[in-house]
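As a plain string of letters, each chain reads:
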Amino acid sequence: MDLKQYLYSLIQFKKEVIKMRQFLQQLINGLSLGSIYALIALGYTMVYGIINLINFAHGDIYMLGAYIGFAATTFFHLSFIPALLVSMFSCAIIGIIVEKVAYKPIRNSTRIAALITAISVSLFIEYGTMYFVNAETRTFPPVLENNSIKLFSGNVILNTIDIYIIVITVILMLLLQYIIYKTKIGKAMRAVAIDKEAAQYMGVSIDRTISFTFAIGSALAGVAGVLIGVYYNSINPLMGVVPGLKAFVAAVIGGIGIIPGAVFGGYLLGMTETMVSAYGGSLYKDAVAFAILILILLVRPNGLLGKNVKEKV
């Protein structure tokens, strides 16, 4: 091998190394964004699994969680973890109120009535929030030190905020799995999801189970709101619209009504978006997300982890 070929091979090797480092960097970014989508998607899939309702107001609960975290850190000077807990608890209460006031009265109505109600609740929360806090974008206070951990000779950067987001998401997902499969209320949730009438005959309180489901889903959305406020340092009253739709897409991709499917769909969507943005398609990342949904539904109408359920006639 002469010198010219050697230099050419060395240049090609360096290009491949740069591509690999860029891929790893976007993989880290995708895990962070996917964690947010997964937390929001869990609320969609839990509510749908229990009462077959697509709660389009769920993205706005996520927005309220961000504002509650903002108020807790700005006006009450709470640190990150207490603000996160306050947001979780407050959003859980809001979720229960929304279910009792808006969804319980139309529980036995047609699906179109439930869908219109969900859209109405979403708009009410968005513009009600805008009335009280104005439409301006607010800067989320820096409650976490964003230190950088340099990997691979400094070419791949892992921020401490990314670590917080991923670790908190994993902990909450494990806690959710424990609640669903190891507790009495979790058993009640699974029973109601399978057969509501049979569960009621066995002494399960349908109203309490549905309220608890809304509380858990809303609490997870509240956590996502605080995390995204810390991550992007800005919040606004309409911030829940697009992430809410994308989280719904993630839930459908994984198989709506299936908790592992919501998690899988969230991470798949987050990584896909970051990869598309990194490789020159940032303007089309939203289109790619919905294109993936269409393609998956054409092949797997029940989602990637969903099962075909045959109905007896």
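Worth saying up front: this structure is predicted, and the values here are computed from it rather than measured.

Observations concerning the overall build of the protein
Of regular secondary structure, the protein possesses eleven helices and four strands. Seen along its three principal axes, the alpha-carbon backbone of the protein occupies a region of about 85 × 55 × 35 Å. When the 313 residues of the protein are sorted by exposure, 45% land in the buried category. Here the protein has roughly 16,800 Å² of accessible surface; of this, 67% comes from carbon and sulfur atoms. Side-chain charges of the protein comprise 23 positive and 14 negative groups, with the mean position of each set lying 8 Å from the other.

Let's talk about the UniProt feature "transmembrane region" (unreviewed entry) in the protein
As recorded in UniProt, the sites labelled "transmembrane region" (unreviewed entry) are residues 27-54, 74-98, 110-133, 161-181, 210-232, 247-270 and 282-299. The distance from the first to the last C-alpha atom of residues 210-232 is 33 Å, and the span holds 100% helix and 0% strand. Annotated as residues 247-270, this span is 83% helix and 0% strand, and its ends, taken at the C-alpha atoms, are 10 Å apart.

Notes on the packing of helix H3 (residues 80-103) against helix H4 (residues 111-133)
How two helices pack is summed up by the angle between their axes together with the distance between the axes. H4 packs onto H3 with a crossing angle of 130 degrees between their chain directions and a minimal axis gap of 11 Å. Compared by their axis directions, H3 and H4 come out oblique. Seen along the crossing, H3 lies across H4 with a hand that is right-handed. Here Val-98, Ala-102 and Tyr-103 of H3 lie close against H4, whose contacting residues are Thr-117, Ala-118 and Val-121. Broken down by class, the residue content of the contact of H3 with H4 amounts to five nonpolar, one polar and no charged.

Thoughts on the nonpolar core
Judged by nonpolar contacts, the single largest core of 79 residues is most densely connected at Ile-36, Leu-42, Tyr-62, Phe-80, Tyr-103, Leu-176 and Leu-227. With 13 residues, the top contributor of residues to this core is helix H1 (residues 3-51).

A closer look at the packing of aromatic side chains
Tallied over the full model, the rule gives eight aromatic pairs. For the pair Tyr-231 and Tyr-232, a centre-to-centre distance of 4.9 Å together with 90 degrees between the ring planes defines the contact as edge-to-face. Residue classification places Tyr-231 among the partly exposed residues on the basis of a relative accessible area of 25%. You can call Tyr-232 partly exposed: its relative accessible area is 47%. Aromatic ring contacts, followed pair by pair, group Tyr-44, Phe-56 and Phe-248 into a single cluster.

Conventions used here
- Residues numbered from 1 in each chain as written.
- Predicted model: local features only at pLDDT ≥ 70, side-chain atom pairs only at ≥ 80, totals over all residues.
- Heavy atoms only, no water.
- Helix = DSSP H or I, 4+ residues; strand = E, 2+ residues; numbered from the N terminus.
- Buried < 20%, exposed > 50% of the residue type's maximum accessible area, 1.4 Å probe, protein only.
- Areas by Shrake-Rupley, 256 points an atom, 1.4 Å probe, with all protein chains shown as cover.
- Lys, Arg positive; Asp, Glu negative; His and termini not counted.
- Charge placed at Lys NZ, Arg CZ, Asp CG, Glu CD.
- UniProt positions renumbered as here; feature names shortened; annotations may be inferred.
- Axes fitted to C-alpha atoms, helices over the stretch in contact; angles between N-to-C directions.
- Parallel < 35°, antiparallel > 145°, perpendicular 65-115°, else oblique.
- Left-handed = near helix turned anticlockwise from the far one by under 90°.
- Contact = heavy atoms within 4.5 Å.
- Nonpolar A, V, L, I, M, F, W, Y, C, P; charged D, E, K, R; others polar.
- Core = buried A, V, L, I, M, F, W, Y, C linked by side-chain atoms within 4.5 Å.
- Phe/Tyr/Trp six-rings, centres within 6.5 Å; stacked < 30°, edge-to-face > 60°.

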